[in-house]
Amino acid sequence: MNTPPDPYGVNDEGEDLHPDAVLARALARRGDTFDEFKLLIREQSATYDLISKTAGYVHHYTGKTGSAQQLSGVMRELITLCQLCAKGEHRFSPNHVRRLYCHGVTNKVMFEAASAMAPVTGWTTIAHVATAIITANKPEYPFGKMPPGGEPAELVPFPELDIGRDRIAGDADDSELGKDEYAYIARLDPDLARVAARWVDHCLSQGGRNTRGTRLGPGARELVAIAAACARGEVEFAAEHMRRAYDHGISRVQVLEAVSCVLPMTGAMTLKIGVRAMKLADGQS
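Residues numbered from 1 in each chain as written. Predicted model: local features only at pLDDT ≥ 70, side-chain atom pairs only at ≥ 80, totals over all residues. Heavy atoms only, no water.

Caption draft 1: Looking closely at the packing of aromatic side chains. Across all of its chains, the model carries seven aromatic pairs by this definition. Their ring planes at 15° and their centres at 6.2 Å tell us that Phe-37 and Phe-92 sit as a pair that is stacked. On the criterion of sequence distance, the pair formed by Phe-37 in helix α2 (residues 35–43) and Phe-92 in the loop between α4 (73–86) and α5 (93–102) is long-range, its members being 55 residues apart. On the accessibility criterion, Phe-37 (24% relative accessible area) is partly exposed. Here a set of aromatic residues connected by ring pairs shows up, and it is made of Phe-34, Phe-37, Tyr-48, Phe-92, Tyr-141 and Phe-143. Sitting over the ring of Tyr-246, Arg-252 keeps its end group 4.0 Å from the ring centre. (Phe/Tyr/Trp six-rings, centres within 6.5 Å; stacked < 30°, edge-to-face > 60°. Helix = DSSP H or I, 4+ residues; strand = E, 2+ residues; numbered from the N terminus. Buried < 20%, exposed > 50% of the residue type's maximum accessible area, 1.4 Å probe, protein only. Lys NZ or Arg CZ within 6 Å of the ring centre and 35° of its normal.)

Caption draft 2: Here's a closer look at the state of the cysteines. Inspection of the entire model under this criterion finds zero disulfides. No disulfide involves Cys-85; its nearest neighbouring cysteine sulfur is the one of Cys-82, lying 6.7 Å away. (Disulfide = S-S within 2.5 Å.)

Caption draft 3: Unusual backbone geometry, seen in detail. Its identity as a non-glycine residue notwithstanding, His-60 has a phi of 70°, on the positive side. Here His-60 shows up in the loop between α3 (45–58) and α4.

Caption draft 4: The arrangement of helix α11 (residues 235–247) in detail. In this model, α11 (13 residues) spans 18 Å end to end at C-alpha, consistent with the 18 Å of a helix rising 1.5 Å per residue. Restricting attention to buried positions, one finds in α11 the residues Ala-238, Ala-239, His-241, Met-242, Arg-244, Ala-245 and Tyr-246. Contacts made by the buried residues of α11 are with α9 (190–204), α10 (218–231), α12 (252–260) and α14 (269–281). Just past α11, the residue Gly-249 takes up positive phi, approximately 85°. (Expected span 1.5 Å × (residues − 1). Contact = heavy atoms within 4.5 Å.)

Caption draft 5: Structural context of the side chain of Arg-76. By the element assignment, Arg-76 lies in helix α4. For Arg-76, a relative accessible area of 0% gives the class buried. Of the polar contacts made by the side chain of Arg-76, one reaches the backbone oxygen of Leu-71; its length is 3.1 Å. When residues no more than four places from it in sequence are discounted, the contact partners of Arg-76 are Tyr-57, Val-58, His-59, His-60, Gln-69, Gln-70, Leu-71, Glu-257, Ser-260 and Cys-261. (Polar contact = N/O pair within 3.5 Å; in protein donor to acceptor, adjacent residues only side chain to side chain.)

Caption draft 6: Main features of the nonpolar core. With 61 residues, the main nonpolar core has Met-75, Leu-78, Met-110, Phe-158, Met-242 and Val-255 as its most contacted residues. Those residues in contact with Met-75, other than ones at most four positions away along the chain, are Phe-158, Glu-160, Ala-220, Leu-223 and Val-224. Leu-17, Val-22, Ala-26 and Ile-41 belong to the second largest nonpolar core, which has five residues in total. (Core = buried A, V, L, I, M, F, W, Y, C linked by side-chain atoms within 4.5 Å.)

Caption draft 7: Local environment of the pattern of salt bridges. The final tally for this structure, using the stated rule, is 20 salt bridges. Where Glu-43 meets Arg-42, a salt bridge forms, and the shortest distance between an N and an O atom there is 3.5 Å. With relative accessibility at 52%, the residue Glu-43 sits in the exposed group. For Asp-282, the salt bridge identified is with Arg-252, shortest N-O distance 2.7 Å. In this pair, Asp-282 is assigned in the segment after α14 and Arg-252 in helix α12, connecting sequence segments 30 residues apart. With relative accessibility at 33%, the residue Asp-282 sits in the partly exposed group. (Salt bridge = Lys/Arg side-chain N within 4 Å of Asp/Glu carboxyl O.)

This is how it looks when you write it as structure tokens:
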């Protein structure tokens, strides 16, 4: 008697691609998943298997960390939350708020990360983060679990709080007003140049601004801005922010990993854009 061929087969690692097996591995890796992806698993299990493993690696989920990875899972979640909110993804973003809550991250730090993305994506990103926080605190939101005590009142420290706080190279006063674009704006509308530059300086803590009472330093904020600039395809501006990050002691691995965090919601093309920006920042053609 001939055995019918397995309609699902196995992946490159020899793992079963039956939908039940793929879902079980995804749940073990991430802890939960969305209804949309359960439908995808049923219809295209091999596609979701790769999605889950790639997201697991770049978002630092259980069992998918790499020995060479430098950014913490918390920093990755902050970048992910902000990029989802920049895209107005109100179904997925509250899940990441809850994940950050479980890591002991406060609303204040989420808003600081959103502010760092706002110069690139607009300050509606901050409002969308607020919406995600409000939704995450509603019991009827079905995805992910809140920590037992609800949203954390005190921040649990994570490694990126201690990196990139001091400038080790470059111009100590890196205000936007000193940039060519703002000098051009100032010749036409000085007040516009002043208010716009002040906003960016505040969000990215340029020249030591916006440091009182904040937890994310300039280097960590640049990582958020870099990811957003690459997602927008802005190679030159991403390279500019990369140079700023390097001036604060951020490593190239950390920069690349920050860009990788937005791969799931902006595509693998963003990684290629990030590499082009890194080469430009390094003076390579």
